[in-house]
Each structure stands twice: as structure tokens, then as C-alpha cells.
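# Remarks on the overall topology
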Amino acid sequence: MSAEAWQPPRRIDAVDFWLRSRLLATAHALREALRPSARRWPGGTQALADAPVLAQYRTALWSDGRDDEFPLVAGKVQNLRVARRAFDAVEVPAGEVLSFWRQLGRPGAGRGFVAGRELRAGCVVPTLAGGLCQLSNALATAAARAGLELVERHGHTARVEQAAEAADDAVDATVFWNYVDLKVRARHDWRLEVELTATELVLRIRARSSLAVPVVPPGMPRVVRKGASQALPTARGCLSCEQTDCFRHRPSPLVAQQGRTAVLLDAVTPEFARYLDAHHAGADRMQPVPMRLAFWRPLPAALRPDGSAAIRPWWTSLRRALWQRLWARHAGRRQASLIDGQRWLALAFAARLKPEHTQLVVDQAFLPHLQQTGALDGRRITVLAGALPMAEIERRLDAAARQWPEDATLRDFRAAPALVRAEGAALARAAALVTPHAETADHLSLAAPQASVVRLDWVQPAVQSNAQPVATSDEPPLIVFAASSLARKGARELAAALQGWPCRLRVLGSPSGDTQMWRGIDRVDHMEWRGGDWLRGACVVVLPAHVEHAPRALLRALAAHVPVVASTACGLAGLAGVRQVKAGDVEGLRAALRASIATAPAATITHADLQKQPAATPS
């Protein structure tokens, strides 16, 4: 069909097409019900996960079509996100057929498919689940490259305007539910992998053996006028066509051509709040409803709503609050309840994302859950990294457990392996990683080299004047442990380092289940997070944690000019007033405490006295 031969579509032609397509689809469904030609293959199998890649095909997601067609391109990418889950990690036995429609199933709005684009009668028209031909084209091309047999294939009659030039061996394969199908078969077992990066659709075929001679795809000759080009004609875009009197014409939706940014938050720290205000002030924000079950108590300032027009899932927020309260006092299960709540929120946010959300700024806690649902596919990802990856946290806890084998709290919880892998896969696709935590920034720069790492400045709180340390001469120096009495926070190392010292210890959090945790220390006061002026009289604030991602108490101490001794896991490298020690290093911790107490204004023993104290060994 030439440009001169194109005529505006008529309603009678549309009705005729609808009737014929329904009859053909019904007839095909009856044939397949009586004698199916293919079956649906389950995904997630790993038998051929390490097999060699026989063929790979990459196509651009966002660069085809005119700018006016962006809503349909965004819909196409959304449909590919949904369809990918049906094809990824599928393994097909030798001699069996993979049918595109049998594998995908009927594409309906209830499954997450939206209006994309479809080539029909020389036009690009909005259609539910439109754009899946990009996946069928990639599958046909990769199958031909790998030497697989194309049992059934149909070609397009036009091409999309401004589409990138296809490879010389690219195979054109259109699909239309359910009778225009693509079917692939091989003489050996083979595996299909489908991935959506921020810019490309990537399809790979793996197998441990291949055919000696690749199969030549069947030709689809077209009748063309003498002297006309053999190339496919360019289809007219329904959203950009000048034929406004066409019955299919609809006003173009008001969507920015470059898409929109969505910010998915769990908790907003001062550092991340400053970053978002500076770089993503106009983004669509999604965050939980701040709530406390003890509603008669006022919310802390950090949890109060900021007044922004954010999407807040009330039911999911309440469900999470109740669930976490239920398991708050159960060791090990408490951390699992936190992950449960993060998964519920991630699913609620993913359901509210729109096709035009091409960029996501995601709280790290949501990453593995969004990766598993496919919500990150085809989008540029910026991660607000508030913690080390789960794999690294568990490695450090395992090392601490070997040092203190009698402490069961170091082994009370480990995340599911699938969740750990999903977080690693999500970090590997991130374009930018934002964090104020020094050690997290260093680790992520090595774990995700493809991403740019943005290191934020820590925000120190305002401290009232009465929080300054008060010098005394008749009491031992006061050491503040800025956590609960947990081994992961370095309580074991601190107890060993303080053996034989004339000092007082103030624990900000709750006591340990081990009543012998602080044996050998005369005066230990547990504040159990009651608040108050916990810095008064302090000579030094210490936190030799194995894992610590929110050192707020240490920042408060620094703001009050109280010396801080912290492990490198606290992420405060470069801040004045901080002495850093290696997590698990009892001798290094003892030396740092000696140096800090000797120079503190509230010290009552001299540096020489500290040198006389007997050394203690870890128990």
C-alpha cells in the first residue's frame, strides 16, 4: 500500500474487521480446545540457566514513533512489562512448540495491559495490549539466529514511523489474538530469557546444543507496483495524523513527551528530603500514611505529614502498622514483619504507577519487591540507598556470629534467598544511587559500577544549650551507648572493652535478654528510648555497630560537641569529632575510648590512669 493509495478508514470497514476477527478467533479457540498444538510452559526453571547463549536480540523501547505518539509508546512499554513475566525463564523441551498466545494468554485490562499501539489498515491505532509485536519480532529474530524452526509466522503490512533501522537478519512477526500467532520449535531443549532495561528490550535464547544449519525463516512476499520500493510503507499515527474527521481520531492526551517521575518512599530522612526538594520537587510522590497505634500520643516531627499531595495507601499503612506491632517483641520475626510491610507497600505503589512514569526514585527497601513484580522494567531507576545490600548485611552478621557464637541474636533472621537476589538484580540496573552513608556509598560504588553514586551530607539536628556535657569531679566518666543492648550494635565489643574501667554506662535503648551482658560494669542505666536529656554529663557517645544505617543519636552528639566513637559501619567518615574503629575490634575500641575520655571535659580520670587499667579479652 503506497502513501497515495491510503484512504481514511471507514466505520463499515471497522465493523467488517471486528466481525471477521471474532469469527476467526472463535474458530481457532475451538480447534485448540479439541486438539491443542502447543502448551503453556512454566517459568522460573533453572535447568538451562547456565547454558551458552545461542542468540540475542536487542531493540529500543522509547525511540520509535513521533513525539506526539508518546502515550502509545508508553502504553506499549507497559504491555511489554506485563508480557515479560510470561516468557522470561521459560524452558521448552526438545520437539515441543512454544506458541506466543498460548504462553501469554488473553491480554486483558485485568492483568495490567493498557492501551498501546496496533498497526491496522495503514494506521497506528490505540488498542488494548498494543505493542506486543515488538516482543514477537524479537522472539522470531532470536529464534532464527539460534537455528530454531519458525513453525508459524506472519508479517506486518506497514512499519512505524521513525522506527530504528532493523538488523539485516531481523524477522518480522506480527501477532493478533488469537489466530495470528508465532510458534517456535527446536530439536533440543532451549531456554528463553526476556529483559527490559531502561532503554531496550533484550531477548536471549540459551541451549546446550544447536542445529548445524540455521533455519531460513519462511518468506512473506508482497505484491508491489512496478518501480515501487520493496520496503514496508510507513503507517500513519492516529495521535499525530492530520485527518481529524476520521472516526478513530481522538484528542491527544496531555502527557509530557519525556514522561514523568514517581518517587516511592518508605520513610523520609532529612538528607533525602533535602535531595528530593532540590532535584525532584515536581515528581509524583507515593508514601505511607504516618500513623501510630498509640494515637493519643503526638507524632514525632519526622513522622508528621509534610503537606505534599502524595499518594498514601491508608489500608496498607494500617495493615503494616498492626502487623509490626504484633511481632514487635519477637526476636527474628520482628525483622520479617518489617519486610512484609515493605512488600505490601511496594505492591500498592506498583499498582498506582502509570505508563508515563518513565523514571522512578525508589526507597531501597522497595527494590527487591518491585524487581520481582517487574515494575522497574523499562524505567530509569534512582535508588535512595539508606542501607547496605541485604547480602552484605548478612555477611557481616555471619562474621560477628563467628566472633560471638553464644549470642543467638546475630543469627535470628535471614532474608529469603530469592529476595536477596532480587535486590542485587535491582541494584545492577540502577542509574544513580543516593546516600549520606559513607560506607554504603563505598560499597555500592563497587557493587553497582554502572550507577553514579551521589554522596549526601549528613544533617545534624539542632541541640538545646542544656544538652552540653557538664563537668564533674566526684563521679566516674559517663559513656553513652547509642543503641539497645544488641550484639549487632556492638554491645559485646563495648562490654569487653569496658572491663575493669571506673566508668558509668548509659544505654539509650532496652536491655539485653542476656542478664550477663554488662557484667563487670558497676553502673548501667537503660533509658529504653524514654527520651530526655540523655547527653547531659556524657564524656563520649559510642556505637561500635556491625550494622548501622541511621546514626541519628551520634549526629545529635556531634551537634552538641560531644566526642563520638563509632565503627565504620555507622557511615560517618569525614565528620569532625568522630573517631572511627573497625567493627569487632575490641582493642581498637578500647584505645579510641581512652583517647576520647582523656580529652573530654567531664573526664575524672587521666590518660595515664587509663593506661594502667587491665586489658580485657572478649568473652
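Quick summary incoming for the structure in this document. Everything numeric in this text was worked out from a predicted model, so none of it was measured.

## Quick word on the packing of aromatic side chains
Between two aromatic rings, the relevant description is the distance of the centres plus the angle of the planes. Across all of its chains, the model carries 10 aromatic pairs by this definition. Considering the side-chain rings of Trp-62 and Phe-70, the 6.0 Å spacing of their centres and the 20° angle between planes classify their relative orientation as stacked. Accessibility expressed as a relative area gives 8% for Phe-70, which makes it buried. With centroids separated by 5.3 Å and ring planes inclined at 90°, the aromatic side chains of Phe-100 and Trp-101 adopt a geometry described as edge-to-face. Since its relative accessible area comes to 6%, Trp-101 is described here as buried. An aromatic cluster is defined as three or more aromatic residues linked by ring pairs; in this entry it consists of Phe-87, Phe-100, Trp-101 and Trp-177. When the ring centre of Trp-344 is taken as reference, the NZ or CZ atom of Arg-319 above it lies at 3.6 Å.

## Examining the pairing of strand β20 (residues 538–543)
Along a regular strand, successive side chains alternate from one face of the sheet to the other. With 6 of 6 residues buried, β20 is to be regarded as a mostly interior element. In this structure, strand β17 (residues 478–481) lies alongside β20, joined through 4 bridges in parallel fashion. Along β20, the bridge assignment pairs Leu-478 with Ala-538. Pairing analysis gives 3 bridges linking β20 to strand β21 (residues 564–567), with the strands arranged parallel. Across the sheet, the residue bridging to Leu-543 is Ala-566, located in β21. With helix α13 (residues 552–559) bridging β20 and its parallel neighbour β21, the resulting β-α-β unit is right-handed.

## Quick look at helix α9 (residues 390–403)
A turn of α-helix holds 3.6 residues, and therefore any two residues three or four places apart point the same way. The terminal C-alpha atoms of α9 lie 20 Å apart, and with 14 residues this matches the ideal 20 Å at 1.5 Å per residue to within 8%. Regarding α9, the residues found buried are Met-390, Glu-392, Ile-393, Glu-394, Arg-396, Leu-397, Ala-400 and Ala-401.

## Considerations on the sheet that holds strand β3 (residues 97–99)
If you trace the 3 strands from one edge of the open sheet to the other, you get β3-β7-β6, paired in antiparallel fashion. Strands with a single pairing partner mark the edges of an open sheet, and in this sheet they are β3 and β6 (149–152). For this sheet, the mean angle separating the axes of adjacent strands, direction not counted, is 30°. In this structure, β6 lies alongside strand β7 (residues 183–185), joined through 3 bridges in antiparallel fashion. From the neighbouring strand, Glu-149 faces β7, where its bridge partner is Arg-185.

## Topic: the nonpolar core
Phe-481, Trp-518 and Val-541 are the most contacted members of the largest nonpolar core, which totals 58 residues. Contacts of Val-541, omitting those with residues within four sequence positions, involve Val-480, Ala-482, Trp-534, Leu-535, Leu-554, Ala-557, Val-562, Pro-563, Val-564 and Val-565. The next biggest cluster of nonpolar side chains, apart from the first, holds 44 residues, and it includes Trp-41, Ala-144, Leu-148 and Val-171.

Scoring rules and cut-offs
- Residues numbered from 1 in each chain as written.
- Predicted model: local features only at pLDDT ≥ 70, side-chain atom pairs only at ≥ 80, totals over all residues.
- Heavy atoms only, no water.
- Phe/Tyr/Trp six-rings, centres within 6.5 Å; stacked < 30°, edge-to-face > 60°.
- Buried < 20%, exposed > 50% of the residue type's maximum accessible area, 1.4 Å probe, protein only.
- Lys NZ or Arg CZ within 6 Å of the ring centre and 35° of its normal.
- Helix = DSSP H or I, 4+ residues; strand = E, 2+ residues; numbered from the N terminus.
- Pairing = 2+ DSSP bridges.
- Right-handed = clockwise from strand over helix to strand, strands pointing away.
- Expected span 1.5 Å × (residues − 1).
- Axes fitted to C-alpha atoms, helices over the stretch in contact; angles between N-to-C directions.
- Core = buried A, V, L, I, M, F, W, Y, C linked by side-chain atoms within 4.5 Å.
- Contact = heavy atoms within 4.5 Å.

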